[in-house]
Amino acid sequence: MKINTKLSALCIAATLMSVAQAAAAAPAVTAPAEATQPSVASPAASAPAQVPAPAASAPATTPAPAQAPSAPASPTPAAAAGSAKTATPVAPSAPAQRPSTSVAPAAAPTVPSTAKPSKPQQPSTSAPAAAATSVKPTQLDKLNHESAVPLVLEAQSRYQYAISGGSSVGESFQLNGKSYRYLSEDIGTKTKLISYLTQAYTKQASEQFVGKFFVEVNGRLAQLNADGGNLLEFGRATAKMVTMTPVKRSYLLTVPYPAQTKKANEKITVNFEKVGSYWKISSAPHVIF
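About the thresholds
Residues numbered from 1 in each chain as written. Predicted model: local features only at pLDDT ≥ 70, side-chain atom pairs only at ≥ 80, totals over all residues. Heavy atoms only, no water. Pairing = 2+ DSSP bridges. Helix = DSSP H or I, 4+ residues; strand = E, 2+ residues; numbered from the N terminus. Axes fitted to C-alpha atoms, helices over the stretch in contact; angles between N-to-C directions. Contact = heavy atoms within 4.5 Å. Parallel < 35°, antiparallel > 145°, perpendicular 65-115°, else oblique. Left-handed = near helix turned anticlockwise from the far one by under 90°. Nonpolar A, V, L, I, M, F, W, Y, C, P; charged D, E, K, R; others polar. Salt bridge = Lys/Arg side-chain N within 4 Å of Asp/Glu carboxyl O. Buried < 20%, exposed > 50% of the residue type's maximum accessible area, 1.4 Å probe, protein only. Phe/Tyr/Trp six-rings, centres within 6.5 Å; stacked < 30°, edge-to-face > 60°. Lys NZ or Arg CZ within 6 Å of the ring centre and 35° of its normal.

1. What about the sheet that holds strand S5 (residues 238-244)?
- Here four strands make up an open sheet; going across it, the order is S5-S6-S7-S8 and the pairing antiparallel. Each having just a single partner strand, S5 and strand S8 (278-281) make up the two edges of the open sheet. Along the sheet, successive strands turn relative to each other by an average axial angle of 30°, direction set aside.
- Lying on the sheet, helix H6 (residues 148-163) is in contact with S5, strand S6 (248-255), strand S7 (266-275) and S8; it crosses S8 at an angle near 55°.

Printed below as a string of structure tokens:
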């Protein structure tokens, strides 16, 4: 009994010791296990911590828009985006030129509009017709009741220039008890004066005029110191053809006086002759004027 009691005590003691050892060993093992568990739990906790974070971000979808404005709030990306956008308008500007080319076809309809002004220019072709009437009277190749008057005016101008002594009054002298004056240098000889007059008159009419009103002294032409002319306004004259041949024609001119004179119109017959290619007046100047 004593032995059993001792054995049982020893077993109990051994059991207690093993329990104590186990207990001693258990803390040592559990402590590291707990240490490792916290280390493991810390990653595990970090993982759950990360999991709730997306979960929180998932419900917080409204904050996500708040982050979206914050993204534009960053000026530098916005400026970069803006610069990229400004670069892209440059590319549209090239297409903007393409629409402008499309506008150019739209301008094509304006070409017909310019064709419309060309119709007003057709009346301007009537201007050449007016130019035809503005042919130099000294080079008149077609004579009619309209072109006859300008030739008469040219003839009157040359008659008045000659009868007044030319460009200036020349030196005066006495001849046979009468006062004479020399003509100006440009028409101071018979050859020069005839050449000047035959621009509008025939040679025969010119020589008839020179022989009647001028004298030749020492190779120079002179005339009486007197002024000539009349008040008839040949610029307002009208002409009516009287006779006609291929090279000779006659026109009856109706020439008015100035209105203040209250005189009746003069009727003057002027003869024309074709010399070469141009028409000349075959009536002597002093007969007309």
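2. Side note on the packing of helix H7 (residues 190-197) against helix H8 (residues 203-213)
- Across the interface, H7 lies against H8 with an axial gap of 9 Å and an inter-helix angle of 135°. The pairing of H7 with H8 is recorded here as oblique in orientation. Crossing angle aside, the handedness with which H7 passes H8 is right-handed. For the pair formed by H7 and H8, the contact residues are Lys190, Leu193, Ile194 and Leu197 on the first element and Ser206, Glu207, Phe209 and Val210 on the second.
- In terms of residue class, the contact of H7 with H8 is built from five nonpolar, one polar and two charged.

3. Quick notes on the pattern of salt bridges
- By the definition in use, this model includes three salt bridges.
- When the shortest N-O distance is used, the salt bridge between Arg158 and Glu154 registers 2.9 Å. Here Arg158 and its partner Glu154 are both found in helix H6, four residues apart, which amounts to about one turn of the helix.
- Given a relative accessible area of 21%, Glu154 falls into the partly exposed group.

4. A short note on unusual backbone geometry
- A positive phi is found at Asn176, a non-glycine position, where the angle reads about 55°.
- The exposure class assigned to Asn176 is exposed, which follows from its relative accessible area of 72%.

5. What about the packing of aromatic side chains?
- According to the stated counting rule, one finds nine aromatic pairs in the structure shown.
- On the numbers, 5.4 Å between centres and 50° between planes, the contact of Tyr161 with Tyr196 is tilted. With a gap of 35 residues between them, Tyr161 in helix H6 and Tyr196 in helix H7 connect regions that are remote in the sequence.
- For Tyr196, a relative accessible area of 22% gives the class partly exposed.
- Seen from their ring centres, Phe209 and Phe214 are 5.5 Å apart, and the 80° between their planes marks the pair as edge-to-face.
- Judged by relative accessible area, which is 7%, Phe214 ranks as buried.
- Linked through ring pairs, Tyr159, Phe209, Phe213, Phe214, Phe234 and Phe289 together constitute an aromatic cluster.
- Between the NZ or CZ atom of Lys212 and the centre of the ring of Phe213, over which it lies, the distance is 6.0 Å.

6. Thoughts on the packing of H6 against H7
- Contact geometry of H6 with H7 gives a least axis separation of 10 Å together with a crossing angle of 160°. Here H6 lies roughly antiparallel to H7, going by the angle between them. Contacts between H6 and H7 pair Ser157, Arg158, Tyr161 and Ala162 from the former with Leu193, Tyr196 and Leu197 from the latter.
- A breakdown of the residues in the contact of H6 with H7 according to their chemical character gives five nonpolar, one polar and one charged.

7. Considering the sheet that holds strand S4 (residues 220-224)
- Read from one edge of the open sheet, four strands run S1-S2-S4-S3, paired in antiparallel fashion. Only two strands of the sheet have a single neighbouring strand rather than two, namely strand S1 (172-175) and strand S3 (215-217). Adjacent strand axes in the sheet meet at a mean angle of 45° when their direction is disregarded.
- By the bridge criterion, three bridges tie strand S2 (residues 178-182) to S4 in an arrangement that is antiparallel. Directly across from Arg181, in S4, lies its bridge partner Gln223.

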